[in-house]
Structures are given as C-alpha cells and as structure tokens.
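A structural walkthrough
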Amino acid sequence: MRYAYYPGCSLEINAAAYDHSVREVADLLDIKLQEIDDWNCCGATEYFSQDELTACAVVARNLALVDPQIKQLVAPCAACYLNLKKTDRLMSDFPEMGAKINQCLAAGGLHYDPGRVVVRHMLDVIHDDIGERAVRDKVVRPLTGLRVAPYYGCQVVRPIKGCDSTEYPMMMDNLLKWLGAEVVDYPVKAHCCGGHMTQISEPQAFELIRRLLQSAQDYHADMILCMCPMCQLNMDGYQARVNGHFNTQFNLPILYFTQILGIAFGLDPKKLGFGKELVAAMPVLTAKLNGKLAAAAV
Amino acid sequence: MSEKIGIYVCHCGSNIAGTVDVEEVARWAGKNVEDVAISRDYKFMCSSLGQSLIEEDIKKEGLTRIVVAACSPHLHEKTFRQACENAGLNPYLLQMTNIREHCSWVHIDKNAATEKAKALVAAAAGRVRHQRPLERMYVKVNPATLVIGGGIAGLQATLELADAGYPVYLVEREPSIGGHMAQFDKTFPTLDCSACILTPKMSEVGQHDKVTMYTYSELEEVSGSVGNFKVKIRQKARMVTAADCTGCGVCVEKCPRKVVDDVFEVGMATRKAIYMQFPQAVPRIPVLDTANCTYFTRGKCQVCAKVCPTNAIDYTQKDEIIEVEVGNIIMATGWKPFDCKRIPQYGFGRLANVYTNMEFERLCNASGPTNGKIVLRDGKTEPKSVAIIHCVGSRDTTTNTYCSNVCCMAAMKFGHLVLEKTQAEVYSFYIDVRAPQKDYEEFYQRLLEEGMHFVRGKVAEVTDAARQPDEAGRLIVQVEDTLMGRQRRIPVDMVILMGGLEPQADAKEIGLKCGISCSMAGWYTERHPKLDPVATMTDGIFVAGVCQGPKDIPASVAQGAAAAARVAGMITKGQVMIEPIVASINEVECSGCRICNTMCPYNAIDYDGEKNVSHVITALCKGCGTCVAACPAGVISGAHYNNEQIFAEIEGVLWDAHGNGAATEKEFVPVAAG
C-alpha cells in the first residue's frame, strides 16, 4: 500500500534514527512511502501559539502537496501528526476558516479539500494496516527476555480521539507482544514527558521526565520505546541532567519503537540508527538477547 | 347521500396555536373542504367540554364523520373515539390528524405550518369520508401470567398476582431466584440486611401453590397476542431430579472439585462443581456445572451420585422444553454490572486492591469470602483508608451517559460500613451527591456526621506510581478537588469503584422474542416515560424493575406491584378488546399461493388445504399491512386502511396541487419544481 511520507524536521537530524528505522521497516513490510516533494516544517508548537491561521496555512501546504493519487499520509513524529490532523479537522469543522486557508494556499497555486488526505501515525499503520499476522511472520529474532516499556506520550492519543484509547493505549503494547518481547505494563505510559518544558522551565520538565524513568525502572524495564522525537530527546538527551538534578542513577536506553521492530526483523542495527542515542542501547540489547544480533559493531 | 363531516381543530393551549393559526385552519376547512357541516376550533379538545362539543354536534347536527386535528392519536384517539361512541356514532368513523407532533412542534415558520395543517385536515377529511363502521372484537384473557426474572421486581409481581388467586409461571435464568439483591450486604437507607428482607419473599414464592417456578431456565419462544400467549420455556438440565432432591447438600459437601464462583461471588470465592448458589437458595436444589465437573470432562468421579441419600443425581438429564399458555407477560429481567476494566485508568484488574461495588458487597457480606471482614486482597490486612469513586461507567460520554441512580446511595452505604467495621478513613469522590428519595438525604447527613470525607471531583487515575516517599506501596487517587480548586493526590489502601448498571447482555434479544424494543441505552421502552412506565407498546407485555431503567429496590418493588395490578385488572375484566383494524382475504379470489403466510410477522395467516385459500386469524392480526402489500393478486384488504381511503388522504394532502379533490379554493402558490 502507498502512503505519502512526511518526515518532519526532527527526523532529518535529531531523530535521524527514527527516520532510518521507519524507512527500513517500511521497506521490509512492503509499506511504500513516498516522501512529499518540497514539504515544509509543520510549525511544531511554536507557530500555533502565535497565529492559528498562519500556522494552519503552513501545515495545509503539506496536505495540498500530497500526490492526488495517494489518500493516506504517514507522519512518524507525534507533533507533526497532530498538527496535520488538527489542521485537516479544523478546515472541515470550520468551513470559513478552511476557505481562508485555501485563499492563502492559492497564493502558492495550491488547494486542499479537507478530508481528502487521511493522516496516520506510523504506529497505527503497522498495527492496523499491516496487522499481527504479517508482523509475526517477519520476526526472525524474537525478543524473548527483553523487557520493554512502550511509551506513548500525549499527542497521538490526545486530544483527537480515534487512534487508540486516550487513557490507556495498547497499540504499541500489542506490537511489542507480537515481537515476542516482555511488555512492561507500567502506569505512566501515556503521561506527559514535558514536551518543550525543557526549553522553558527545566525543574518542571525534569520532574516529569524523572517520573517516567522512575516508573519504568520500578517495573524493571530494560528500555523505553518512543513514538515521538521530543519524548525520545527528553528522556534520552536529558537523562544525565535529570540524574544530576535528582541525584538518581537512571541508565535506561530510550529508543524508537521502529528500531526495536527492526531488530526483531533481523535488520542491521547500524541501518536502524543504533549508536545515535546518548544512553547506549547495544550493551543492553546484546546482554538481553544473548549476543544474537547482527554483527555490525556500533 | 353525502356525509356530514365535523371538523375540530384544537389549540392545545399554545402548543398548537402558538405556531399554527388554528382559527384560520377551522375557517378554511369550513369553507373549502367538501361535505363539512361544522368546522370549529377549541382550546382543549381533550377536555370534557371539548368532548361534549363533539357529542352535542353529532346529536344535534346529525354528523356522520368526525375529524379531530390535535395531538398524536397515541394520546387521544381513544378519547375521541369514546366521545363518538357516547353520541351513538361508530368510533371508527373518526379520523384524528396530528398537527402538533407532526406540525406545530417541528416547525418555526407560522405561515408554512398553517398551510401544512390545512393540508393535513383536508387529508383527514378526504379519508374519513371513505371510512366504514367497524365492530370491535373481544378475546378472553387467560388468567395465568408469565413473569420473566426472579429478582425483587419479578418476585413482587409474582406474589401480588399469586396472592390474588391467579396462577403465575416464574422463569429465572439462575439456579436460584433472588437476583442481585441476594448478593448485597445491607440495603440503604435503612441498613436492613438484604438477604433478611429478600428471603421471606423468596420462600413465599417458592412455596406458593399458585406459583410454578422454572429456575435454571430460559425463555425460548413467545407467540400469540394479549390474552393468549403461547410460551416455550427451556428448563436446562441440572443433572438432579427435582422431585427426589431434599436439598440436604451432601453432594455439595462431598464434591471434590472446586471452581471459582464468578457469578454469585463475583470471582472472590470458590464453589463446587455441583453447587447451590447461596445458603438461602430457592429452590433448594443443586445444579451440576458440567463444564467443570470431573465426571463430565474426564469420565471419573460420580461422588455426588454415590452419596445422595435419595438417588436424585441423574447424569443423563437433558434440557426440557416446557410449553405454557398465559394471558400476559411481565418482563423483570434486571441488569448486569458495568465491566470496570473498560476504564483502565482506575486500575481494576491490574492493581490488586481496586474493587468493584459488587465485589465489595460480597466482601462485607457475613456469608461472603471473608465472613464480612473488610480486608485487602491478602485476606488479612485491614485498610487504613478507603477511596470510593462514584460514576464509574455512568454519566460518561465514553461509556454510558445515563446516571445509574443507586450508586451514590450505595457509596454512602459502603462508607458507613467501612467506618463501622474498621478504623479507616473514607473518601468519596463524586460529581454530584444524589439522594432524592425518602430518608436518603438524611442518610447523607448521617454520613457527614460520621466523618466520611466527600471530595467533589472526577478521579483522573488510580495509580501505584509513587511520587513521594509516603505514597510508596499505596494506591494513589489523583483528583482535582473542584471545591478547593486544587489537584490532590490521596494515598489509600483500598479503592472501591461504583460501577454502573447496564442492561443484560441479551436484553434486546429477549425483548424481541416478546415483541418489545429497547431504548438506545438498552433499557426496555415503556409505553410512556411519565404516565405509563410499566406497560409497553405491545399489549399484554409489561416491564418492571431495572430492565426498564436503573432504579433502587423500593422503585423496583413498586413497579413489580404496578405491573401485577395492571395484569390483575385485565384478568378481572376477563376479556380484552382487539382492534378491528385487521386484514381480510377475499377467499373467492385467493389463488392459494401462500406468499402472505410467510410474510406475516405475527404468524397470523393460516392456510386451508381443502379450500386452497389463505385465511387471516383476526385475533393475532395486528393490521400491519404487510400481507396487503405482498399479495400479488391484490385480494387482501386492510380494514381502515384500504386503497380508497389512502388515495383520498393523499389527494387531500395535495389539495393545492391539482385544485380539485377535497378542496376547491387555491390559496397557496406551489413552489416551482427543480
């Protein structure tokens, strides 16, 4: 099946591991990703806090650029996903606003009819469109003995309902089970990581991050798996700062779920972006999976 | 000779007159509709003065047909038919047209609504001219009644009818009657022991000579109509011969196989493979759970048969279909508890010491799994604080939007029991505290005095993820205290979820067997929500108790008694009127193709093999018209709905489109098509 692919800015550099692993896994699962030609930044949280109309127009440009033959768009980043979906929703719920946005798009020779493109997240594409049977069939290295904590964050499950339960989502739990891993059922899997609070107020942000790491540790998880670059950055990039702030000793690898998916599928860890994370994941993986990983050293 | 039609347009106060110019409609009808002798408007046609108007006019003016333009026939067709009858006119020479629900209540544009009302009146007048006098039919009412459901509502209905001397068949799905009330500990607000007030009724029913009980039985099939229903009941195989069993209980005592009791004990205790649901079970006859019996699953054991002193165990017993004939049916099928796992953030099923309300009832109950001691799942630790969360699965757009009626009171009851039996603090988390009935508010005041803490806020989550040292190892309730305007985290040892009431899983299916429907939420639809809560749209089928909507024990008892009273009234009257609005087949022209036989949804058409014609059983016919439409030769006609009448009605509605027909004056400019 063909999908338009919207990587978003984070996946270009910071979350390159996410982009690489998404592409590798998509290839194996026969998910044809066609990157949108000349896509632009979705504005993350910044634009929307300034001017809603401009922000929506900027996002709508991407929707308008989707190949007319393709009906579905996949955005691996949670913020991009939310912004794209939110804009599409606003345009259809508020036709006047939709008309104004199309006026803006017209300046660039573009037009978008709300509802024409269905915005999806990589997780629900794999969970719903590919499904259990197909995923299990591709597993060559079951993740037996690996205790994984699926982390959903906020933006994919809230505020727009429909993609999984808002309070207790299970898609990633299911997916990880299909890979043979031991899924850790810990209580904060859909609690906020702090998002941009790291830029605004470190103590608040660090506390939110600490709670996640603490809970995963209490439940003896080997690693936390994310579906959003911000969440991954917060828990991985700031883990040392959190340790310093609270005098804790967290040493939890934080990866993208597609990276672990790739390992189970027998793909090369290098190609899956391993080594880009700050809290090294390979030592834990090699220890837990008895060294049975692709030979490529990281 | 042409008819003399009387037209009466009702104001219904301002309900109709507020949108429709009723005086204009009456004036217009009098001037423009053919054969109209009288055309009036009046404030309240349904009042005795309004009815007298019709009666006087019929007598004085010799009216032969009546049209009443007012509310829905469901409300007052009977009233106006009676008025006609009082004046000596056949009641089926009346046509009522609805210019309230179908006109004034659904339109805002007064001009358009008035024009529509005129069209409706013209239609009714056109039709009524072709109506013929019809004679009502009467069928005898069988004095026996079927009560489906042996909970408190069903028991009350059963006793009322049986005490009045009428036979009752009581069908109950579980091995014992009693319903959910048998599981409760105490009842609010009196704090009576639930079993103590229930079991006398259960005994009475069990011993009553007018009651035939079928427990461990299901409703299989219902046919017939009011006064004469034929019912098939499936009595499931208990593997015990009831006539020989003395209820001594030795088989239960000696049975080596233990099974988790997830029905009566809500998964909190075990029972044996052969069991009686609870000590006071009626009838006192055990049931063998063949799915979990060692003999049935592996061919070994048979201890129960060996120890039974009267040889009452019968492993060969089969389900039996029993047929009974009754005049009326009372549905009292009750409810099932909301599955608290559907709200995962409250932790039921995941966090050990989160209980549902039903689990807590069993915990408190002296004959429950802990003999009434309030302890945690480890069986010994007494909680130091207990949280009670209201509205779990109720008043919730993601699960059930309705209020389950009883949970606030039950929550207070639980609070009281915890405070009485332990040293624990009790916190109740509510949206509103609902205590509307007699002595309920006083009960709430009592709890406030006893020191129960009431926090107004919907709990966000119950978690074991501690953030401070003093939260470690406890369950934390995270809530916004809306009266304080602050977020609170309250560590407790036990959480009780007040799960809501839901319709039985097969309520819709069972309802369809009897020909009644359910609301969107799944509760049985009563005939009128305010004025007729125990009758249904199907004559002869009544509802009582929670199956009609969440309610407490007093209300269930009242409805059970009310349904019984309605049935008793019909039995006393001895006969019930069948509307003559039935189909009839022209036997001369019928070719015996039998298409109508299979199409009839009420099985009201049979076939005469000798004459090779089909024949309508008028007592069963509901006048739905399916056969009339289906007959390929067009030889079936529906009384009161024949082609002439229907076409005349259509012409009346379109009076302005063709300028002739029922009316002569074109006062309306039709909108151009396209």
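First things first, this report covers the structure right here in the doc. In this text the structure is predicted, and so the values were computed from the model without any measurement. (Residues numbered from 1 in each chain as written. Chains lettered and ligands numbered in written order. Predicted model: local features only at pLDDT ≥ 70, side-chain atom pairs only at ≥ 80, totals over all residues.)

Glancing now at the overall build of chain B. What chain B contains, in helices and strands, is 19 helices and 34 strands. A total of 674 residues make up chain B; the buried ones form 46% of that total. (Helix = DSSP H or I, 4+ residues; strand = E, 2+ residues; numbered from the N terminus. Buried ≥ 20, exposed ≤ 12 C-beta atoms within 10 Å, placed from the backbone.)

Turning to the nonpolar core, a few remarks are in order. Judged by nonpolar contacts, the single largest core of 99 residues is most densely connected at Leu73, Leu84, Val148, Ile224, Leu225, Cys226 and Phe257 of chain A. When residues in this core are grouped by element, the largest group, eight residues, is from helix α3 (residues 52-64) of chain A. Per-domain counts for this core show at least three residues from each of domain 1 (2-120) and domain 2 (140-288) of chain A. Among residues more than four places away in sequence, those in contact with Val148 of chain A are Leu176, Ala181, Val183, Val184, Ala221, Asp222, Met223, Leu225 and Ile260 of chain A. Core analysis: the next-biggest nonpolar cluster, separate from the first, contains 82 residues, Ile313, Leu501, Trp523 and Val543 of chain B among them. (Core = buried A, V, L, I, M, F, W, Y, C linked by C-beta atoms within 7 Å. Domains from an automatic or database assignment. Contact = placed C-beta atoms within 7 Å.)

So, on to unusual backbone geometry. It is generally the case that most residues other than glycine have a negative phi and that most peptide bonds are trans. Omega for the peptide link from Arg158 of chain A to Pro159 of chain A comes to -10 degrees, which places this bond in the cis form. Note that Pro159 of chain A resides in the loop between β5 (147-150) and α7 (171-178). The step from Val282 of chain B to Pro283 of chain B runs through a cis peptide bond, and the omega angle for that step is 0 degrees. Relative to the helices and strands, Pro283 of chain B is located in the loop between β15 (274-275) and β16 (287-288). With a phi angle near 65 degrees, Asp35 of chain B is a residue other than glycine that sits in the positive phi range. Within the element layout of this structure, Asp35 of chain B appears in the loop between α1 (22-32) and β2 (36-42). Of note, the phi angle at Asn371 of chain B is positive, near 55 degrees, even though the residue is not glycine. Mapped onto the secondary structure, Asn371 of chain B falls in the loop between α11 (357-364) and β21 (385-392).

Glancing now at the sheet that holds strand β4 (residues 94-98) of chain B. What holds strands together in a sheet is hydrogen bonding between their backbones, with the strands either parallel or antiparallel. All names here are of chain B. Ordered by their spatial adjacency, four strands build an open sheet running β2-β1-β3-β4, and the pairing between neighbours is parallel. With one partner strand each, in any of the chains shown, β2 and β4 form the two edges of the open sheet. Neighbour-to-neighbour, the strand axes of this sheet turn through a mean angle of 15 degrees, independent of strand direction. Across the sheet, helix α3 (residues 73-86) touches β3 (65-70) and β4, and the angle it forms with β4 is around 155 degrees. Contacts from helix α5 (residues 110-129) reach β1 (5-10), β2, β3 and β4 within the one sheet, and its direction differs from that of β3 by about 155 degrees. (Pairing = 2+ DSSP bridges. Axes fitted to C-alpha atoms, helices over the stretch in contact; angles between N-to-C directions.)

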